[in-house]
Amino acid sequence: MNGFWNLWAVVGTVVFFVLMVGVVIKYWRSNHHADEHHTIGSFDGIDENDAPPPKLLFVSYFIAFSLSLGYLVLYPGLGNWQGLINWQQSDDKLSQVNTSLSNQMADISDKRLVNLAMNPDVVSSGRGLFQTHCAACHRNNAQGAKHFPNLIDNEWLYGGSDAEIIHSITLGRNGAMPGWVDAINPDDIAKISYYLASLNQRHTDVPAVKVALGKGLFTQYCASCHGDGSVANSQLGVPDLSDHVWLHGGSIEEIQHTIRNGLNNVMPAFGQQLSQDEILAIGAYMTKSRLDEDAKLASLDPALVQQGEYLAYAGDCVACHSAEGGEPFAGGLPFVTPFGTIYSTNITPHTSEGIGLYDYEDFKAALVAGKGLHGYLYPAMPYTSYQYMTDQDMLALWEYMQSIAAVSRQNDRNQMMFPANIRLGLLGWNLVFMDTAVLDYQPPSELKGNISDLEKWQKGKYWVAGLGHCSECHTPRNIAQALDTDRIFQGNLIDGWNAPNISANELYMDGWDEKSLSDFLHTGHSDKGSAFAGMADVIKNSLSRMTREDIESMSYYLLIGDTNNVIHNETVVLEPTGFTDAAYANEVYATYNQTCGACHGEDGKGRDPIAPTLLNNGIIMHSDPFNTIAVTLRGLQPSYLDEERNFMPMVSFNDVLSDTALAELISFVRIHLGAREIPVTRDQVRQVRETLEKAGYTGGLHTTPDMYDERDQNINVN
């Protein structure tokens, strides 16, 4: 800068600074003349008074002026003045890349990305350039976001060689997929999405025939680019659709959106903005990050990862941490509580959206103490049960969770009322309601004579009380949503169903034994009925993946009982008679035969593969008739647990039978097929009907799965 402009800059800066200081001093000196009772003017009935500005305002001004003066003395700010600390623009980290990268590259002859990735200076420069030019889309650590690929894994749409990576940065990429909304009807698009989800063994609540039809439609419309969906084509940028990487979202809804609307993804070219050395430095940073990620995965113990996968199934992690039809472990499932709606979180190893910033101690704190990196967790996360896991199992689960694919799905914002939305308050909840005592594996004195295999009982307790967290659903909760352990396993309402009483006394009374209960828990089917609703999901995602031995230990423990959970001396096993001659002559039987007999059989013993038995059915025999009432009002969709044993859908009778007629029918069935003699009243049916209708769970005769998806998720019916 020449002398004139140097003088111009200095004089202008100093004059403006002095002027501003003078204005503030003037008002400060005249501040005592202000009179807050003197009215300067009135506007629309509002008086403007001459009140003095607060002293804090002037103090703040003078602090700002002092800092500004210090800056002008220490740093360049007055023309050619360099400042007392002699700071240079090249000292800035981003500027340093441009000034030093050429020097860094000058002495390097082998400029393969793997070699450059071993040079800390080049990698540091590449990191700065990546933050400037790439992080907005691919995130700071290059792990990607929705629509923008993860650059530190080994899945490359256009190939991961040096030449292909440099080509992508220099010339950009343009990936296009046509939309099929005008060529394929919505039902067929849905079938294709079910087939695609099945390629990576994802469960969907649809019959196998829809998946098979989806495969045929995929072959017809998509195979020209995608083949059978299991092989990537880097020449065209076609992804492998059978892995766990879904660039544009992998939920059923997102897959259908992609098929309907197509894609037009553009990676901009940086060849005109960046030099060849800068492009190489970015490639070196990405390569170093990928090698570090590979090293982290290689350091995982394969045996622990395998054990951790089993434990993740046993803990049913995927069911809660996956939205309806969503990507596994990516979160988004709503939990409606009296205090608002909580959404499960992304627990994949994505650093910004998941738990990628956690270390083992952080993971352990969240798992067993309910303390996450961003605050205390709501007890919808069953850390009150997971606290009973052994350190070995926690470590194995941690190893597995690091091995799964990172998903970039952002977490949903919880909708909690005040003061439940203040996370610190959950520390108080933990102090008051969380029992941190070590799990006692010694049976209570009143049960010791009933346990023939103590080791089996203890093993069952570990699964049931810990990872299985059975009490979290099947135990009533108090007003603060803490478990009422004095009534453990005595049932609780969840999502408009009754997670039934599974106490030892109830199971004994209803005629369950180890085989029938183990069959039910392991397969969802037994001679005492089939699983449905939430329990079917638990079996599908968790219990069916466990060994029969572990399931039998759980059944053994549940049937024998524990503290606050014993079989009463006066309890008698119920023995339903079935329909007697008198029952067949009863006028209510005609109603049964017209509404239920066609599927469940004239004798109530079921018809494979149409409908399960009602005779000796655990729900019909249960002391609480809630689920029997709810099934007739809501209807049921098949659980699709076992293709060979799936029953047909059951329609809703909400618009068919009155409260009185339904009460008489259910009472009749429960007396003869469940040995429950206490009749169901009209008021009980009415109360259940109103509860379910309030949340949109009853949709009339032609109930569809969409009814459940589209209901008001903010209504708590529990």
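Counting restarts for each chain, with residues numbered from 1 along the sequence as it is written. Side-chain atom pairs in this predicted model are given and counted only at pLDDT of 80 or more, local residue features only at pLDDT of at least 70, and totals for whole chains, interfaces and linings cover all residues. Think of the side-chain values as coming from all heavy atoms in the structure, minus any hydrogens and water.

**A short note on the overall build of the protein**
Right, on to step 1. Per the secondary structure count, the protein includes 31 helices and 13 strands.
Right, on to step 2. Each radius of gyration is computed over the set of C-alpha atoms, and the globule rule expresses the reference value as 2.2 Å times the number of residues to the power 0.38. Against the 2.2 N^0.38 benchmark of 27 Å for 718 residues, the protein shows a C-alpha radius of gyration of 34 Å, more extended than a compact globule.
Right, on to step 3. Reported as C-alpha extents along the three principal axes, the dimensions of the protein are approximately 115 × 75 × 60 Å.
Right, on to step 4. Accessibility here uses a 1.4 Å probe with only protein chains present; expressed as a share of the type maximum, an area under 20% marks a residue as buried, one over 50% as exposed, and anything in between as partly exposed. Looking at the 718 residues of the protein, the share that counts as buried comes to 46%.
Right, on to step 5. Look at the contacts in the protein between residues 6 or more apart in sequence, and 65% of them connect residues 24 or more apart. Segments assigned H or I by DSSP are reported as helices when at least four residues long, segments assigned E as strands when at least two residues long, and all are numbered from the N terminus. Any pair of residues with heavy atoms lying within 4.5 Å of one another is described as a contacting pair.

**Digging into the packing of helix α15 (residues 360-369) against helix α17 (residues 391-403)**
Right, on to step 1. Packing of α15 against α17 brings their axes to within 10 Å, and their N-to-C directions diverge by 115 degrees. The orientation of α15 with respect to α17, classified from their angle, is roughly perpendicular. In this structure, α15 meets α17 at a crossing whose hand is right-handed. Between α15 and α17, the residues in contact are Tyr360, Phe363, Lys364, Leu367 and Val368 and Asp391, Met394, Leu395, Leu397, Trp398 and Met401, respectively.
Right, on to step 2. Tallied by class, the residues present in the contact of α15 with α17 amount to nine nonpolar, no polar and two charged. Only the contacting stretch of a helix is used when fitting its axis, a line to C-alpha atoms as for every element, and angles between N-to-C directions run 0 to 180 degrees. Should an angle fall under 35 degrees it is taken as roughly parallel, and over 145 as roughly antiparallel, whereas 65 to 115 is taken as roughly perpendicular and any remaining angle as oblique. Handedness of each helix crossing follows the sense of rotation of the near helix against the far helix: counterclockwise by less than a right angle gives left-handed, clockwise gives right-handed. Residues are grouped as follows: Ala, Val, Leu, Ile, Met, Phe, Trp, Tyr, Cys and Pro are nonpolar; Asp, Glu, Lys and Arg are charged; all remaining types, including Gly, are polar.

**Quick notes on the pattern of salt bridges**
Right, on to step 1. Definition used for salt bridges: Asp or Glu carboxyl oxygen within 4 Å of a side-chain nitrogen of Lys or Arg. The full count for this structure, using the stated rule, is 24 salt bridges.
Right, on to step 2. The salt bridge involving Glu254 is made with Lys146; its shortest N-O contact spans 2.7 Å. Separated by 108 residues along the polypeptide, Glu254 in helix α11 (residues 252-261) and Lys146 in the loop between α6 (135-138) and α7 (162-171) bring together distant segments of the chain.
Right, on to step 3. For Lys146, a relative accessible area of 35% corresponds to the partly exposed category.
Right, on to step 4. When salt bridges that share partners are traced, they join Lys515, Asp519, Arg548 and Glu552 into one network.

**Section: helix α29 (residues 659-674)**
Right, on to step 1. Within α29, twelve of the 16 residues are buried, which leaves it mostly tucked inside the rest of the structure.
Right, on to step 2. Every buried residue belonging to α29 is among Asp659, Leu662, Ala663, Leu665, Ile666, Ser667, Phe668, Val669, Arg670, His672, Leu673 and Gly674, and all of these are buried.
Right, on to step 3. In the core, the buried residues of α29 are packed alongside α25 (581-585), α26 (587-600), α27 (618-621), α28 (626-634) and α30 (682-694).
Right, on to step 4. Of the residues flanking the end of α29, it is Ala675, one or two places downstream, whose phi is positive at about 60 degrees.

**Considerations on the UniProt feature "transmembrane region" (unreviewed entry) in the protein**
Right, on to step 1. UniProt positions are given in the numbering used here, feature names are shortened, and annotations may be inferred rather than shown by experiment. In the UniProt entry, the feature "transmembrane region" (unreviewed entry) is given for residues 6-28 and 56-78.
Right, on to step 2. What you have in residues 6-28 is 100% helix and 0% strand, and the ends, taken at the C-alpha atoms, are 33 Å apart.
Right, on to step 3. Segment residues 56-78 splits into 83% helix and 0% strand. End C-alpha atoms: 30 Å apart.

**Focus: unusual backbone geometry**
Right, on to step 1. Cis rather than trans, the peptide bond between Phe418 and Pro419 has omega equal to 0 degrees.
Right, on to step 2. Inspection of the secondary structure assignment puts Pro419 in the loop between β9 (415-416) and α18 (425-433).
Right, on to step 3. Asp608 connects to Pro609 through a cis peptide bond whose omega is -5 degrees.
Right, on to step 4. Notably, His147 is not glycine yet its phi reads approximately 80 degrees, a positive angle.
Right, on to step 5. His147 sits in the partly exposed class, given a relative accessible area of 32%.

**Focus: the side chain of Asp562**
Right, on to step 1. With respect to the helices and strands, Asp562 occurs in the loop between α24 (548-560) and α25.
Right, on to step 2. Taking the relative accessible area as the measure of exposure, Asp562 reaches 5% and is therefore buried.
Right, on to step 3. There is a polar contact of 2.8 Å between the side chain of Asp562 and the side chain of Tyr557. N or O atoms closer than or at 3.5 Å make up a polar contact, with two conditions inside protein: a donor-capable atom paired with an acceptor-capable one, and, for residues adjacent in sequence, both atoms drawn from side chains.

**Description of the layout of surface pockets**
Which parts of space are left empty comes out when a probe the size of a water molecule is rolled across the atoms.
Right, on to step 1. The rule is simple: put a 1 Å grid over the protein atoms alone, call a set of points where a 1.4 Å probe fits but cannot get out a cavity, call an open set with protein on both sides within 12 Å along at least five of seven lines a pocket, and count a residue as lining if it has an atom within 4 Å of a point. Grid points are joined across faces, edges and corners, and a volume is the space filled by probe spheres set on the points. Roughly 1,100 Å³ of internal volume is contained in the second largest pocket.
Right, on to step 2. Mapped onto the lining of the second largest pocket, the elements with two or more residues apiece are α14 (317-320), β6 (340-343), α15 and α17.
Right, on to step 3. Per element, the largest residue contribution to the lining of the second largest pocket is three residues, and it comes from α15.
Right, on to step 4. Here the lining of the second largest pocket is composed, by residue class, of 22 nonpolar, 16 polar and five charged.

**Some words on the sheet that holds strand β5 (residues 334-337)**
Right, on to step 1. The three strands lie next to each other as β5-β6-β9, forming an open sheet whose pairing is antiparallel. In the strand order of this sheet, the two ends are held by β5 and β9, each with one partner.
Right, on to step 2. The rule for pairing is simple: two strands pair if DSSP sees at least two bridges between them. Sheet topology note: the β6/β9 ladder contains two bridges and is antiparallel. Paired with Gly340 across the bridge in β9 is Met416.

**Notes on the pairing of strand β1 (residues 35-43)**
Right, on to step 1. By the bridge criterion, five bridges tie β1 to strand β2 (residues 46-50) in an arrangement that is antiparallel. When the sheet's bridge partners are listed, Asp35 is paired in β2 with Asp50.
Right, on to step 2. The hairpin turn running from β1 into β2, its antiparallel successor, is two residues long, and Asp44 in that turn takes a positive phi close to 55 degrees.

**Focus on the environment of Met535**
Right, on to step 1. Structurally, Met535 can be placed in helix α23 (residues 533-541).
Right, on to step 2. Its relative accessible area of 23% is what places Met535 among the partly exposed residues.
Right, on to step 3. As for Met535 and Gly524, which are separated by eleven residues in sequence, their C-alpha atoms are 8.3 Å apart.

**Digging into the packing of aromatic side chains**
Right, on to step 1. Aromatic contacts are taken between Phe, Tyr and Trp rings whose centres are within 6.5 Å, Trp giving its six-membered ring; a plane angle under 30 degrees counts as stacked, one over 60 as edge-to-face, and the others as tilted. Under the criterion given, the structure shown has 23 aromatic pairs.
Right, on to step 2. Joined through ring pairs, the aromatic side chains of Phe17, Trp28, Tyr61, Phe62 and Phe65 make up one cluster.
Right, on to step 3. Directly above the aromatic system of Trp512 lies the positively charged group of Lys528, at a separation of 5.6 Å from the ring centroid.
Right, on to step 4. If you follow Arg545 out to its NZ or CZ, it ends over the ring of Tyr313, 4.3 Å from the centre. The criterion for a charge sitting over a ring is simple: Lys NZ or Arg CZ within 6 Å of the ring centre, and within 35 degrees of the ring normal.

**Examining empty space enclosed by the protein**
Right, on to step 1. This structure, assessed with the given rule, holds one cavity of 30 Å³ or more.
Right, on to step 2. Approximately 30 Å³ is the volume attributed to the largest cavity.
Right, on to step 3. Contributing to the lining of the largest cavity are Gly250, Ser251, Glu254, Ala323, Gly326, Glu327, Gly331 and Arg409.

**So, the UniProt feature "domain: Cytochrome c" (unreviewed entry) in the protein**
Right, on to step 1. UniProt's feature table lists "domain: Cytochrome c" (unreviewed entry) at residues 121-200, 209-290, 303-405 and 580-673, given in the numbering used throughout.
Right, on to step 2. End C-alpha atoms of residues 121-200 are separated by 41 Å, and the span's content is 51% helix alongside 6% strand.

**Looking at the nonpolar core**
Right, on to step 1. We define a nonpolar core as any set of buried Ala, Val, Leu, Ile, Met, Phe, Trp, Tyr and Cys residues linked to one another through side-chain atoms lying within 4.5 Å. Judged by nonpolar contacts, the single largest core of 61 residues is most densely connected at Leu367 and Trp463.
Right, on to step 2. Here this core takes seven residues from α24, the largest share from any one element.
Right, on to step 3. Those residues in contact with Trp463 that lie beyond four places of it in its chain are Tyr310, Leu311, Ala314, Gly468, His469, Met546, Asp550, Ser553 and Met554.
Right, on to step 4. Of all hydrophobic cores here, the second largest spans 32 residues; its members include Trp497, Leu614, Val631 and Ala663.

**Focus: the confidence of the model for the protein**
Right, on to step 1. The pLDDT value tells you how sure the predictor is about a given residue, anywhere from 0 up to 100. Looking at the protein as a whole, its pLDDT mean stands at 88, while 95% of the residues score no less than 70.
Right, on to step 2. Within the protein, the lowest mean pLDDT, 46, falls on helix α31 (residues 705-709), and the highest, 97, falls on α24.
Right, on to step 3. Per-residue pLDDT stays below 50 along residues 701-709; that stretch engages in 18 contacts with residues further than four places along the chain or on separate chains.

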